[in-house]
Amino acid sequence: MTATAHDILTGLDGSDSVHAHGRADDLHRVLGLLGDRAARRRAQAFLGSAIMHRGTPSPVTARVADALAACLPCPDALGAREAILDFLTDVAWSVTLHGVTDRSGADPAEAQRMVAAVIASGSDHPLDVLYGDPRYPVLGRAFDQVLDSRMTWARAAVPLVGDPDLAVAYAAARLIPLADPRR
């Protein structure tokens, strides 16, 4: 049996990570709304404010983007494909906007320890705490994960370039060049 977008998104576990609004244990609840036309705007707003905050990826951003890219071929994602592609483009573009061209070399274990400490603290503004560190291991790790994943997102978009919905086709065409490692 093939997974549906709803299955993928409601199965997404972010309890070990954070986004701009706190612990990311609400991902499955909010992103599961992407399949519901009436609630899609709420899910899109969540992506734009909590997952990508002011053009900067949060620690959970690549995980969410990977799940959304996996939803693109799912029939129940049909109405959300343009929104998903737009979000993936924003995430892929974030490394270019921040001038990131190479992996940061941030220690994944150190970054996860910092995230775990912020989760334990219950901070309402975790990114202020995590990105306030002058070494930026958590931000560097978030960028590394985006760099690692953007080719996968572009590959998921390739079949949609010929989509009969021109908005979806255009959104797919915008994402694909951002997978270029020189960007």
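Computed from a predicted structure; not experimentally measured.

## Thoughts on the overall build of the protein
For the protein, the count of helices and strands is nine helices and four strands. Here the protein has a C-alpha radius of gyration of 16 Å; the compact-globule value for 183 residues is 16 Å, and the two agree. On the principal axes, the C-alpha backbone points of the protein span a range of 45 × 35 × 30 Å. Per-residue burial over the protein gives 48% buried out of 183 residues. Sequence-distant contacts, at least 24 apart, represent 67% of the contacts inside the protein between residues at least 6 apart. For the protein, the accessible area works out to roughly 9000 Å², and carbon and sulfur atoms hold 55% of it. In the protein, the 18 positive side-chain charges and the 22 negative ones have mean positions that sit 2 Å from each other.

## A closer look at the environment of Leu 166
Mapping Leu 166 onto the fold places it in helix H9 (residues 166–175). Of the residues examined, Leu 166 reaches a relative accessible area of 68% and is grouped as exposed.

## What to know about the side chain of Thr 61
Within the secondary structure, Thr 61 is located in helix H4 (residues 61–71). Thr 61 has contacts with Ile 51, Met 52, Phe 87 and Val 91, leaving out every residue within four places of it along the chain.

## Considerations on the nonpolar core
Side chains of nonpolar character tend, in soluble globular proteins, to be buried together. Leu 27, Val 64, Leu 85, Phe 87, Leu 88 and Trp 153 are the most contacted members of the largest nonpolar core, which has 57 residues in total. If you tally residues by element for this core, the top one is helix H8 (residues 137–157), at eight residues. Not counting the four nearest positions on each side in its chain, Leu 88 is found in contact with Ala 65, Ala 69, Leu 72, Trp 153 and Leu 175.

## Remarks on helix H6 (residues 108–121)
Relative to the 20 Å expected for 14 residues at 1.5 Å per residue, H6 spans 20 Å between its end C-alpha atoms, a close match to the ideal helical length. Of all the positions in H6, only Ala 111, Met 114, Val 115, Val 118 and Ile 119 are classed as buried. Projected down its long axis, H6 carries its buried residues within an arc of 140°, all on one side. Away from its buried face, by an angle of more than 90 degrees, H6 presents the exposed residues Arg 113 and Ala 120. Structurally, H6 contributes buried residues whose contacts are with strand E1 (18–19), strand E2 (22–23), helix H7 (126–130) and H8. Where H6 begins, the side chain of Asp 107 points an oxygen toward the backbone nitrogen of Ala 109, at a separation of 3.2 Å.

## Structural notes on the packing of H4 against helix H5 (residues 81–97)
At a minimum axis distance of 10 Å, the contact between H4 and H5 shows a crossing angle of 145°. Every pair of crossing elements has a handedness; the one defined by H4 and H5 is left-handed. Contacts between H4 and H5 involve Thr 61, Val 64, Ala 65, Leu 68, Ala 69 and Cys 71 from the former and Ile 84, Phe 87, Leu 88 and Val 91 from the latter.

## A closer look at the side chain of His 19
Note that His 19 resides in strand E1. Since its relative accessible area comes to 1%, His 19 is described here as buried. A polar side-chain atom of His 19 sits 2.9 Å from a polar atom in the side chain of Asp 26. Residues in contact with His 19, not counting those within four places in the same chain, are Ala 24, Asp 26, Leu 27, Phe 46, Ala 50, Ile 51, Ser 58, Val 60, Pro 126 and Leu 127.

## What to know about the pattern of salt bridges
Per the counting criterion, the structure on display carries five salt bridges. Here Asp 25 ties to Arg 23 by a salt bridge, and the two come within 4.0 Å at their closest N and O atoms. Asp 144 is the salt-bridge partner of Arg 103, the closest N and O atoms lying 3.9 Å from each other. On the criterion of sequence distance, the pair formed by Arg 103 in the loop between H5 and H6 and Asp 144 in helix H8 is long-range, its members being 41 residues apart. What makes Arg 103 partly exposed here is its relative accessible area of 46%. One connected set of salt bridges, linked through shared partners, spans Arg 103, Asp 144 and Asp 148.

Cut-offs and rules
- Residues numbered from 1 in each chain as written.
- Predicted model: local features only at pLDDT ≥ 70, side-chain atom pairs only at ≥ 80, totals over all residues.
- Heavy atoms only, no water.
- Helix = DSSP H or I, 4+ residues; strand = E, 2+ residues; numbered from the N terminus.
- Rg over C-alpha atoms; globule rule 2.2 N^0.38 Å.
- Buried < 20%, exposed > 50% of the residue type's maximum accessible area, 1.4 Å probe, protein only.
- Contact = heavy atoms within 4.5 Å.
- Areas by Shrake-Rupley, 256 points an atom, 1.4 Å probe, with all protein chains shown as cover.
- Lys, Arg positive; Asp, Glu negative; His and termini not counted.
- Charge placed at Lys NZ, Arg CZ, Asp CG, Glu CD.
- Core = buried A, V, L, I, M, F, W, Y, C linked by side-chain atoms within 4.5 Å.
- Expected span 1.5 Å × (residues − 1).
- Arc of directions from axis to C-beta.
- Polar contact = N/O pair within 3.5 Å; in protein donor to acceptor, adjacent residues only side chain to side chain.
- Axes fitted to C-alpha atoms, helices over the stretch in contact; angles between N-to-C directions.
- Left-handed = near helix turned anticlockwise from the far one by under 90°.
- Salt bridge = Lys/Arg side-chain N within 4 Å of Asp/Glu carboxyl O.

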